[in-house]
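Tertiary structure, described
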Amino acid sequence: MKQVPMLLHRMLLLCLCALLSLPTFADSASADITVSGKVTAADNNEPLIGVNIRVEGTSNGAVTDIDGNYSLTCASDATLVFSFLGYAEQKVSVNNQKVINVSLANAASALNEVVVVGYGQSSRKTLTSAVTTMKPEDLNRGAISDVGQLLQGKVPGLNISASGDPNRPAAVILRGASTINSSQGPFYVIDNVPGADISTIAPDDIATIDVLKDAAATAIYGNRAANGVIMITTKKGKKGQGVVSYNGFVGSETVASRLDMMNSAELKAFLAANGQSMTPANDKGADTDWQKAVQREQAMSYNHNLSFSGGGEHHTYSASLNYMNKEGILLESNFQRVIARLQFDQSLLNDKVKLGMQVSNASTKSDYTPQRNSVLGQMITYLPTSPVRNPDGTFFENFTTGGYFNPVAMVENGQDQTKFNNLIGAFTAQVQLPFGLSYNMNFSHQRSTSLHGEYYGSYYSQYNSANFYYKPEPPAVHFLQNFGTNGSAVRNTYENTNNILETFLTWNKTFGSHDIKAVVGYSWQDNTIGDGFQVTSTNFPVDNIGFNNFALSNPYAINGYRINFGADGIYQQNRLISDFARLNYSFNDKYLLQGSIRRDGSSVFGENNQWGYFPSVGAAWRVIEEGFMENQNFFDDLKIRASYGVTGNSSGFNAYTALFLSGSLGSYYNNGTLTAALGPTKAANPDLQWEKTTTKNIGLDFSILKGKLSGTVEVYEKTTDGMIYSYAVDRVLVPAGSIVANGGSMNNKGVELSLNITPISSKNLYWTSGINLASNTNKIVSLSNPLFSGGDAVRLTQPEGSGQTGSTLQILKAGYPLGQFFSFSYAGKDANGISQYFKKNGELTTTPAIGTDYYYVGSPQPKLLLGWTNTLRFGNFDFNFFIRGVFGNKIFNATRADLFRPTTAQFTNILTDVASESAKDVNSHRYSSRFVEDGSYVRLDNATLGYTIKGISKYLQSVRIYAAVNNAFTWTKYTGIDPEVNQGGIAPGVDTNNFYPKTRTLMLGLNTSF
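Presented here is an overview of the structure given in this document. Since the model is a prediction, treat every value here as computed from it, not as a measurement.

**Thoughts on the overall build of the protein chain**
When helices and strands are tallied, the protein chain shows 8 helices and 52 strands. Here the protein chain has a C-alpha radius of gyration of 31 Å; the compact-globule value for 1010 residues is 30 Å, and the two agree. Each principal axis of the C-alpha atoms in the protein chain carries an extent, and together these give about 95 × 65 × 65 Å. Sequence separation of at least 24 residues holds for 70% of the intrachain contacts in the protein chain that already meet a minimum separation of 6. For the protein chain, the exposed surface amounts to about 42,000 Å²; the carbon and sulfur share of it is 56%. Mean positive and mean negative side-chain charge positions of the protein chain (78 and 79 charges, respectively) differ by 2 Å.

This is how it looks when you write it as structure tokens:
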């Protein structure tokens, strides 16, 4: 492994040498001249250092020196592009001029910045909705493979939580959870392809990300927009000389934090002090750190991105190839991905017709730690006195203790792997018509395939009689798992396809002071999901064939074994048909109005309610344009916005949600023969319809101090009605006993603030800083339906702690937030040193009743999210650091509770904190408010120091070398491994023996342009 970085470095050098030898595609149609000049700031006329000057359509460029001066050679008819962080980009035609001085305006003046919205574009000046735009320089930096993590802490209102698992995407929640029935994640649109898989996009290929927040921005996507919409635009080619770029990095990751478990000496001392001793079966004289035993000493990350772009008079092209390899810190876990992307645009008929084609394919191999959650649990409970291996080299095991398994043996005797392939192909056509009309047609085909395999060697057969539980993610409940005989395997492959045709007509027209832009269109989508199969088998002759040769298995020799062909209802087909329209009106760029409506029809919902309507309206007043603002010098820009709209949620529901289903209901004896019983398992509901989310938003955009300080304030409320839920019904009336129906509702209210300031802008130093704050209050309003019975409260999330069967940690309850913690209320120790709790009537007891004596003991929903980014430039050096914070949320530390068991310390390890506990306290580990902790934290997420050299030679235009650290420091009172516990789903904020350790990453990177 240590030889890999050196090998990669040699390969990189060879690539650089080869690229340096490439010929250029210079345009020799016009003579070259040398242009020089000075770049200053418009607000104070001071020279700007480090301004990038580029010849449009080429990689030829220069950078201003310490006095703001520059010089470069270019064609006499070229166009120069001046760009600098914090200032508006400016283009200047050379026209044979040898001296060109430029004054750059602060970025706050760049109101004509293009923002991507549904089925079109808009300038930021004319927006009536809440949209946050992120450019590549704004995104998070580091060894990041997931688009969600690029936005973490960057967008106000976007709550993103990520684990250290390289194969697990981040949980993304925008402005609070809107439902209890789906992933709650936003809807992604990539280069106008709706619902595209973000795994097909390499971070280096992203040009902009536009986060659409309120209904005025998202309602144009109708029933898929309740959780927000994120528009991703990839980099395109530009006319002119071909450009070749390479970006790459190598990173070394180490565990950022570990639980402080007792070592052998500490554990033995604790037992001796409490009159206990280790059993000879467990005390083998070892001193094993099991966390280190199942973790790599360091995990390596590599990323290489090679791109080509350019174009001619009537065409542009771009292509890229990205390779990423990211080892997980847990043994056997690994992420590998190759993304190839090709994009081509062609103009015809005097540019009246534009055709576009793009293809992107991502091939990923994900290796998982076998039985990961069980391994994570065992690595902290396994006794340090037990060795990894016996003297003869075999793995140590002691099955006399229930639920006690060697985690290293589990890893090395199992295999868990999935290969994914995601393909997106898209064709676009745009035709300019008379009278300000244009016609667009977009067709896309998406196909994703998965090939999954698991193998558990014959070693695992020992676990069959030792109560081995499969431990899923909360709120799912664990269950006993059987590994067959002489090895067991599962293999499945599934394919999903998605075909979308969208066609729309756009009208742009200006009548004096009146500007109108209208869009009307049609969308058709056909989906096929789960086209494939699964099979399981057991009784293999040898272990080393893994899951790759089922033909050698002999399952029928095992009495009573049945091959598992997978769950029912995996294969599905559904269709979505939509009509949509939007009208934008502007008077004098001062008064702005927008209205939109979408009509969606889907086969997913009840036959009586397959169509839904999703309207929105937004208005804005650009106060800065009023006459009474002409003589003031305080505001540079001031705009007030308001919007209202309705969006829908169709995610989380399948093609059978509203249909009557029959299935297996166990078995019965028929004339002495055991016969499978079939019957109704789910009732039909022809009236089932979409959940609908109504959003109100008021926004304020401003810029003051000659653009040095700008910001946005948003106040919003969104309410989901008709939230879908499974209700209990009388089996006499409905044999299935339950029905899926609309009824519940959920509410979110919040405030968001973003500020951008340029404290220093001089020839010696440039410093820009941006901060965003967001506060959201989430509440379940109702879970009831007047037509069906069923309580308005549901307890959920049963963790793994032994001796606490039936205990739950959370509750869905009207009047409380999603994920509300509901458990015993800890009341300290009684006179005998036993943990006691409050009964429901307020009395104290050491034997509380599960469920009956529960209290509301905290919320996992954060009260405040913070992101603070800073960029400094001095000469050719640049330094960026980003701090992120989450405040006011609680975490149920069930992991700590399970390790607070002094009474059983001779069988499972305990935390060093337990040293002060009495071994007589049989209640010390009970789930209760004692283990509900403050989850607030502040993290130095990233710090990057770079050095850039430009204009090196005719062939090598620029080189940037940088070093970075991710997850450098975390300030928190939380006692678990890491406070960034999952915030997604209906069981947020629970740490229950399944938290993949986060890592600290040191990186070295290289960016080059040819």
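**Quick notes on the nonpolar core**
With 57 residues, the main nonpolar core has L259, L267, M410, Y463, F892, I910 and L911 as its most contacted residues. Among the elements of the structure, helix 4 (264-273), helix 6 (372-381), helix 7 (407-412), strand 47 (890-893) and helix 8 (894-898) are those that each provide at least two residues to this core. Once residues within four sequence positions are removed from consideration, L259 is found in contact with Q291, I380, T895, L899, L911, T975, G976 and I977. Residues M134, I209, I230 and A426 belong to the second largest nonpolar core, which totals 26 residues.

**With respect to helix 4**
Inspection of helix 4 places S264, L267, F270 and L271 among the buried residues, and these make up the whole buried set. With its buried residues spanning 135° around the axis, helix 4 presents them on a single face. Of the residues in helix 4, the exposed ones pointing more than 90 degrees away from the buried face are A265, A272 and A273. Where helix 4 starts, the residue carrying a side-chain oxygen 3.2 Å from the main-chain nitrogen of A265 turns out to be N263. Just past helix 4, the residue G275 takes up positive phi, approximately 70°.

**Remarks on the sheet that holds strand 47**
To summarise the sheet geometry, strands pair through backbone hydrogen bonds and adopt either a parallel or an antiparallel arrangement. An order of 48-47-51 is seen for the 3 strands of this open sheet, with the pairing classed as mixed. Edge positions in the open sheet fall to strand 48 (932-934) and strand 51 (990-991), since each of these has one partner strand only. Sheet topology places strand 47 next to strand 48; 3 bridges connect them, and they run antiparallel. Paired with K890 across the two strands is D934, which belongs to strand 48.

**Digging into the sheet that holds strand 15 (residues 206-212)**
In space, the 5 strands of this open sheet follow the order 10-15-16-13-14, with mixed pairing throughout. What marks the edges here is a single partner per strand, and that holds for strand 10 (131-134) and strand 14 (193-194). Alignment of strand 15 against strand 16 (residues 229-234), held across 6 bridges, turns out to be antiparallel. Considered in strand 16, the bridge of D210 is made with M231.

**With respect to the pairing of strand 49 (residues 937-950)**
Bridge count between strand 46 (residues 877-887) and strand 49: 10 bridges; the pairing is antiparallel. Within strand 49, the position partnered with F882 by the bridge is N942. Judged from the 13 bridges that link them, strand 49 and strand 50 (residues 958-972) form a sheet pairing that is antiparallel. In the strand pairing of strand 50, A943 is matched with V965.

**With respect to the environment of T681**
If you trace the backbone, T681 turns up in strand 33 (residues 673-682). Residue T681 is classed as partly exposed on the basis of its relative accessible area, which comes to 35%. Residues T681 and F881, spaced 200 residues apart in sequence, show a C-alpha to C-alpha distance of 55 Å. What T681 contacts, discounting residues up to four positions off in sequence, is L661, S662, G663, S664, L665 and A736.

**Brief notes about the pattern of salt bridges**
What the rule picks out here adds up to 33 salt bridges. The salt bridge partner of D941 is R884, with a shortest N-O separation of 2.7 Å. Within this pair, whereas D941 is found in strand 49, its partner R884 is found in strand 46, the two being separated by 57 residues in sequence. Counted as one network, the salt bridges with shared partners bring together R884, R939, D941, D978, E980 and K998.

**Structural notes on unusual backbone geometry**
Of note, the bond from P474 into P475 is cis; its omega dihedral lies within 30 degrees of zero at 10°. Residue placement: P475 occurs in the loop between strand 24 (469-470) and strand 25 (479-480).

**Section: empty space enclosed by the protein**
Unoccupied space between atoms shows up once a probe the size of one water molecule is rolled over them. Using the criterion set out here, one finds 10 cavities of 30 Å³ or more in the structure. As a volume, the largest cavity reaches approximately 380 Å³. Considering the residues around the largest cavity, the lining is formed by 25 residues, among which A143, I144, Q149, N966 and K998 are closest to the centre. The set of elements that each furnish at least two residues to the lining of the largest cavity consists of strand 49, strand 50 and strand 52 (999-1009). With 3 residues, strand 49 is the single largest residue contributor to the lining of the largest cavity. By residue class, the composition of the lining of the largest cavity is 4 nonpolar, 12 polar and 9 charged. Among the secondary structure elements, those contributing two or more residues to the lining of the second largest cavity are strand 37 (766-782) and strand 45 (864-874).

**Quick look at the packing of aromatic side chains**
The tally for this structure, following the rule as stated, stands at 44 aromatic pairs. Ring geometry for F900 against F931: centres 5.6 Å apart, planes inclined by 70°, an arrangement best described as edge-to-face. Of this pair, F900 sits in the loop between helix 8 and strand 48 while F931 sits in the loop between helix 8 and strand 48, placing them 31 residues apart in sequence. Summarising the burial analysis for this pair, F900 and F931 share the class buried. With a centroid separation of 6.1 Å and 40° between ring planes, the pair formed by F969 and W971 is classed as tilted. It is K840 that lies over the ring of Y855; its NZ or CZ is 4.6 Å from the centre.

**Notes on helix 6**
Along helix 6, 10 of the 10 residues are buried, which leaves the element largely enclosed by surrounding structure. Residues of helix 6 that are buried include every one of R372, N373, S374, V375, L376, G377, Q378, M379, I380 and T381, and no others.

**Points about the side chain of T768**
Tracing the backbone through its elements, the reader meets T768 in strand 37. A polar contact of 3.4 Å, which involves the side chain of T768, links it to the backbone oxygen of I757.

**Regarding the side chain of R901**
Within the element layout of this structure, R901 appears in the loop between helix 8 and strand 48. Setting aside residues no more than four positions away along its own chain, R901 makes contact with S802, I910, S924 and H925.

**A look at a nonpolar patch on the surface**
Taken together, the side chains of L342, F344, M357, V359, F427, F443 and L501 make up a nonpolar region of the molecular surface, amounting to roughly 530 Å² of accessible area. When residues of the nonpolar patch are traced back to their parent elements, those giving at least two are strand 20 (334-348) and strand 21 (353-368). By the secondary structure assignment, L342 is in strand 20.

**Focus: the environment of T288**
With respect to the helices and strands, T288 occurs in the loop between helix 4 and helix 5 (290-293). Along the primary structure T288 and P686 are separated by 398 residues, whereas in three dimensions their C-alpha atoms are 60 Å apart. Contact partners of T288, with chain neighbours within four places excluded, come to P384, S386, P387 and V388. A polar contact is formed between the side chain of T288 and the backbone oxygen of S386, at a distance of 2.9 Å.

**A look at a negative patch on the surface**
A cluster of acidic residues, D260, E266, D287 and D289, forms a negative patch at the surface. The topology assignment puts E266 in helix 4. Accessibility expressed as a relative area gives 38% for E266, which makes it partly exposed.

**Describing the environment of N889**
Tracing the chain through its elements places N889 in the loop between strand 46 and strand 47. Overall, the relative accessible area of 2% leaves N889 in the buried class. Through-space distance from the C-alpha of N889 to that of S936 is 6.2 Å; in sequence the pair is 47 residues apart. Apart from the residues lying within four places of it in its own chain, the contact partners of N889 are S859, P860, Q861, P862, K863, E933, D934, G935, S936 and Q983.

Cut-offs used in this document
Residues numbered from 1 in each chain as written. Predicted model: local features only at pLDDT ≥ 70, side-chain atom pairs only at ≥ 80, totals over all residues. Heavy atoms only, no water. Helix = DSSP H or I, 4+ residues; strand = E, 2+ residues; numbered from the N terminus. Rg over C-alpha atoms; globule rule 2.2 N^0.38 Å. Contact = heavy atoms within 4.5 Å. Areas by Shrake-Rupley, 256 points an atom, 1.4 Å probe, with all protein chains shown as cover. Lys, Arg positive; Asp, Glu negative; His and termini not counted. Charge placed at Lys NZ, Arg CZ, Asp CG, Glu CD. Core = buried A, V, L, I, M, F, W, Y, C linked by side-chain atoms within 4.5 Å. Buried < 20%, exposed > 50% of the residue type's maximum accessible area, 1.4 Å probe, protein only. Arc of directions from axis to C-beta. Polar contact = N/O pair within 3.5 Å; in protein donor to acceptor, adjacent residues only side chain to side chain. Pairing = 2+ DSSP bridges. Salt bridge = Lys/Arg side-chain N within 4 Å of Asp/Glu carboxyl O. 1 Å grid on protein atoms, 1.4 Å probe; cavity = no way out; pocket = protein on both sides within 12 Å on 5 of 7 lines; lining within 4 Å. Points joined across faces, edges and corners; volume = space filled by probe spheres on them. Nonpolar A, V, L, I, M, F, W, Y, C, P; charged D, E, K, R; others polar. Phe/Tyr/Trp six-rings, centres within 6.5 Å; stacked < 30°, edge-to-face > 60°. Lys NZ or Arg CZ within 6 Å of the ring centre and 35° of its normal. Patch = residues over 30% accessible without salt bridge, like charges linked within 9 Å, V, L, I, M, F, W, Y side chains within 5 Å.

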